[in-house]
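A look at the structure
Residue strings, one per chain:
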Amino acid sequence: MNIWLAEVWQAWRASLRRPGFLLLAAAVLALGVGSASAVFTLIDGVLLRPLPYPEPHRLAAIGSVQEGGVQAVSPQQYQHLAGLPGVGSLGLFKDGQTPANISGHGEPVQVPALEIDHGLLPTLRVQPALGRNFSAQEDQPHAVPVVMLYHGFWLRRFGGDPSVVGQTMEVEGVAHTIVGVLPAGFDLGQADIALPTAFPAHTQDDGTNYTAVARLAPGITTRMLGVQVDTRLHALYAASHNKYWRHEHFGAQDFGAQQHADQRSTALMWLACASLLLLIAMVNLTNLMMLRAMRRSHDASVRGALGASPWRVALPSVAEGVLVGAVGLLLGQGLAALGLGAVRSWMPGGMVAEWGSRNGLGLGWQAWGLAAAVGVFGALVATALGLWRGHAALSMDSLREGGRSGLSRRSGLVGRMLVIAQVALASLLLCTAGVFMHTLLDNASVDLGYDANHVLTFELAPIKTTYPDAASVRILSQRLVERLRQIPGVRYAAAGTNLPAGDFSGQWNIGGLHLPGGEAFNEQFRSINPGYFATFGIRLRQGRLFARSDVHGSEAVAIVNQAFADAHYGGHALGQTIQQNAFDASQAGTEIVSARIVGVVANTYQFGPQNPASVLPILYLPLAQTPADDIDIFRSYEPMRYAIRVQGNPDGYRDAVKRALAEVAPGQPISHLRSMAWVVRDTTSDTRFNLMLIGLLGGLALLLAGVGMYAVMAVAVAAREREFGVRAALGAAPLKLLLVVLCGGLLQIGLGLLAGVVLGALGSGVLRAVVAQLGRSVFDPWAILAACVVLACAGVLACLVPAVRAGRTAPMRALRGE
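Residues numbered from 1 in each chain as written. Predicted model: local features only at pLDDT ≥ 70, side-chain atom pairs only at ≥ 80, totals over all residues. Heavy atoms only, no water.

Overview of the overall build of the chain
As a reminder, the rule being used: Per the convention used, a helix needs a DSSP run of H or I reaching at least four residues, while a strand needs a run of E reaching at least two, with both numbered from the N terminus. Remark: exposure states derive from per-residue accessible area (1.4 Å probe, protein chains only) relative to the maximum for the residue type, with buried under 20%, exposed over 50%, and partly exposed in between. Every residue pair with non-hydrogen atoms within 4.5 Å of one another is taken to be in contact. Throughout, the Shrake-Rupley method with a 1.4 Å probe supplies accessible areas, and for residues the shown protein chains are the sole cover considered.
The helix and strand tally for the chain stands at 27 helices and 23 strands. Residues classed as buried in the chain amount to 51% of the 818 residues present. The long-range share in the chain, meaning contacts at least 24 apart out of those at least 6 apart in sequence, stands at 80%. A total of about 35700 Å² of accessible surface is found on the chain, and carbon and sulfur atoms cover 61% of it.

Observations regarding the pattern of salt bridges
Quick note on the threshold: When a carboxyl oxygen of Asp or Glu is within 4 Å of a side-chain nitrogen of Lys or Arg, the pair counts as a salt bridge.
Applying the stated criterion to the full structure yields 15 salt bridges. Across the pair Glu55 and Arg215 runs a salt bridge, and its minimum N-O distance is 4.0 Å. With Glu55 in the loop between α2 (20–48) and β1 (59–66) and Arg215 in strand β11 (residues 210–216), this pair connects stretches of sequence that are 160 residues apart. Salt-bridge contacts for Arg483 lead to Glu663; the nearest nitrogen and oxygen are separated by 2.7 Å. Placement of the pair is Arg483 in helix α16 (residues 470–485) and Glu663 in helix α20 (residues 654–664), with a sequence separation of 180 residues. Residue classification places Arg483 among the buried positions, given a relative accessible area of 19%. When salt bridges that share partners are traced, they join Glu55, Arg58, Arg125 and Arg215 into one network.

Regarding the packing of α16 against helix α19 (residues 628–635)
Quick note on the threshold: Simply put, an axis is a line fit to the C-alpha atoms, just over the touching stretch for a helix, and the angle between two N-to-C directions goes from 0 to 180 degrees. Roughly parallel means an angle under 35 degrees; roughly antiparallel means over 145; roughly perpendicular covers 65 to 115; every other angle is labelled oblique. Note on residue classes: Ala, Val, Leu, Ile, Met, Phe, Trp, Tyr, Cys and Pro are nonpolar, Asp, Glu, Lys and Arg are charged, and everything else, Gly too, is polar.
For the pair α16 and α19, the least separation of the axes is 9 Å and the interaxial angle reads 80°. In terms of orientation, α16 and α19 fall into the roughly perpendicular class. Between α16 and α19, the residues in contact are Ala470, Val473 and Arg474 and Ala628, Ile631, Asp632 and Arg635, respectively. Taken together, the residues of the contact of α16 with α19 break down into four nonpolar, no polar and three charged.

Things to note about the side chain of Gln579
Operational definition: Any pair of nitrogen or oxygen atoms within 3.5 Å is treated as a polar contact; in protein, a donor-acceptor pairing is required on top of that, and neighbouring residues in sequence qualify only through side-chain atoms on both sides.
One can find Gln579 in strand β19 (residues 577–581). A distance of 3.2 Å separates the side chain of Gln579 from the side chain of Ser594, its partner in a polar contact.

Digging into the confidence of the model for the chain
Rules: Per-residue confidence from the prediction method is given by pLDDT, with values spanning 0 to 100.
Within the chain, residue pLDDT values average 80, and 80% of them lie at 70 or more. In the model of the chain, helix α14 (residues 396–402) stands out as the element of lowest mean pLDDT, 43, in contrast to strand β7 (residues 146–149), which has the highest, 96. Across residues 393–410, confidence stays below pLDDT 50; counting only partners more than four residues off in sequence or on other chains, it has 34 contacts. A low-confidence stretch, residues 583–590 (pLDDT under 50), is modelled with seven contacts involving residues beyond four sequence positions or located in other chains.

Topic: the packing of aromatic side chains
Quick reminder of the rule: Pairs were defined over the aromatic rings of Phe, Tyr and Trp, the Trp ring being its six-membered one, requiring ring centres within 6.5 Å. Orientation was assigned from the angle between planes: stacked under 30 degrees, edge-to-face over 60, tilted for the rest.
Summed over all chains, the structure comprises 12 aromatic pairs. Residues Tyr150 and Phe186 carry aromatic rings whose centres are separated by 5.7 Å and whose planes lie at 50° to one another, so their mutual orientation is tilted. Here Tyr150 is found in the loop between β7 and α5 (151–158), whereas its partner Phe186 is found in the loop between β9 (174–181) and β10 (193–196), with 36 residues between them in sequence. Judged by its relative accessible area of 4%, Tyr150 falls in the buried class. Judged by centre distance (5.4 Å) and plane angle (10°), the ring pair of Phe458 and Tyr642 falls under stacked. Taken together, the positions of Phe458 in strand β13 (residues 455–460) and Tyr642 in strand β22 (residues 640–646) put the pair 184 residues apart, joining distant regions of the chain.

Dropping the structure here:
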């Protein structure tokens, strides 16, 4: 045993005395292990780690099924699902946050509020850190107003005061009793406060803006629950005239999968890219180990001739492989930790909330376990392949074929195949990065339909007690816009329900629209003041813009964008009529509101030019003529948006805007005061971050592929040194020997690129879901061409040094076997 340990120690000492190969091999392994560990940590924090609730596997989301997943339920559907067999409890929360103005215990602010019912916390089995949950009596209309605080907001606003329970805080101008503080790990909804849903009994509200959660009883599966939900809700709409709900499919889905469905395609893309890089690193490491085994072939043959067993002959290489694996593991985890820190700083704010809040993007024991398994096992596999190839050099046939200088040409087949594999894998990564890069280059030249420069925006949710109805909201908006225009340097001021970009969760899709005598349809809807188009620089295509004379009592008018005109009027919307069924909150009515289309404006990219779904058909109505029901519905979900176009830097007008608001509406909070240019950048932040991450992985793949090609070509040239010497002695020119090596290398690169294209065709499904969101095919010809050119150039550079070495082979030195 001591002899074996001595062999291992001697091998390690030899590697540490001359650490060049050790550092190179460990660095190659570290790049692959570090990228895999970092991406696994990102995915584990959201998709793999169970939800932070007891027995999360028993939680299921229930509702309508669309695109393979459960989407949402309406209040009426939720109430009709009470008492389902096999369901221990039900809970409900609103999708997205509701803006809420609060005051007391500090200056008034607008915060995001999550609406939940009294059954949600028991269903999730979440106990408040302080106080209690909402009671059933408090979760009813006209009940005593109560509120719960999120843990982070409690620390920020109240300094962690434990006596906060029982105190009051004004929410929308009404005193609410604080009944509890949610625990620190509760991040559902990313809000600051929680309010009761307070639905009336037997509500007929069919707005699907809520998520229902069920806790399954033992022995009940999600599939079984889904059948019961579908049966129960179809019975609800059996006698209904609503064709939509009668033909809708309902079901159940694992709650964790439903919550993270939006991140799945992005996570799969990251995982695929990191896996490709890891495979490239392993192939590269195998090449390096083969090079090492070849250089040790003479020592191994001497040891074998002296009677050493095959295990004793292989032990130094195995010991070195273990050392490479250990050092690569440590270096890789260090790179992963640094990379995660950088990723967190580069991540858009929304991504940090989704990907970084659960575990802080720290390396957990799972990441260490994965890195150890991949690093050490990969190093040992690479060592074994290197020993196998090195053993081929000791056969008599290969010695006769290749001479005394090294490996035979036949044994170089493995190395050539590995080069082809590296190039194929690298081409997949580079093509993906090329698609993203090409998208951004195209986006830079896209006309967004609006001018984001010199515009300052902010959000304001009028306090409901101070501004209780639509008329008061209109008056506030008019007074505020007029005051904003008086600020020196302000050219235009606007008020509306939406900005022309961003607002991913705040799109207002209004139903009941129809052409005269036609079927009803849903489209995007904007209620704006007359200065909206001038403020954002949205161009008029036909007709006129809204005027100050377009007020309540005058002719009802509307403006549509070009996409709306093309979709519903064949491009000829000017002068046509658009109608909407008017209704109140409790009962559908038959009254029809009509408006004449007086203008057509340019399309705008709502979600940024990278998203093909950004150009939405939009109907614009004057704020002064918008039906009160529509405004009331909107303000229950979203704040109003305001903007000013200024001279110079818009950030310099922040204080002036706050002073103007304080004069018009004292005590009214303001939020999201930011430039429109920032909003536009934010709409493309996810795409830019994905480009950065994939581009980084693609650059590493290119580096590893170059190193791997160089290693194999160096091995091949060393193995054929005697052949090159014979050729040189027979009169072969150095240039001809150089071209022999280059042509061989370029042939391998060409085969690798061809294999990469074929692999992309066979396995493009992983990336197609993400790339399709960019409006592009996986097979972007320009991206493929760029990847081929870059890899070909890298291959030529990698092959050039060994080729020059082959051209300079000294005939007599090679023939003597020196």
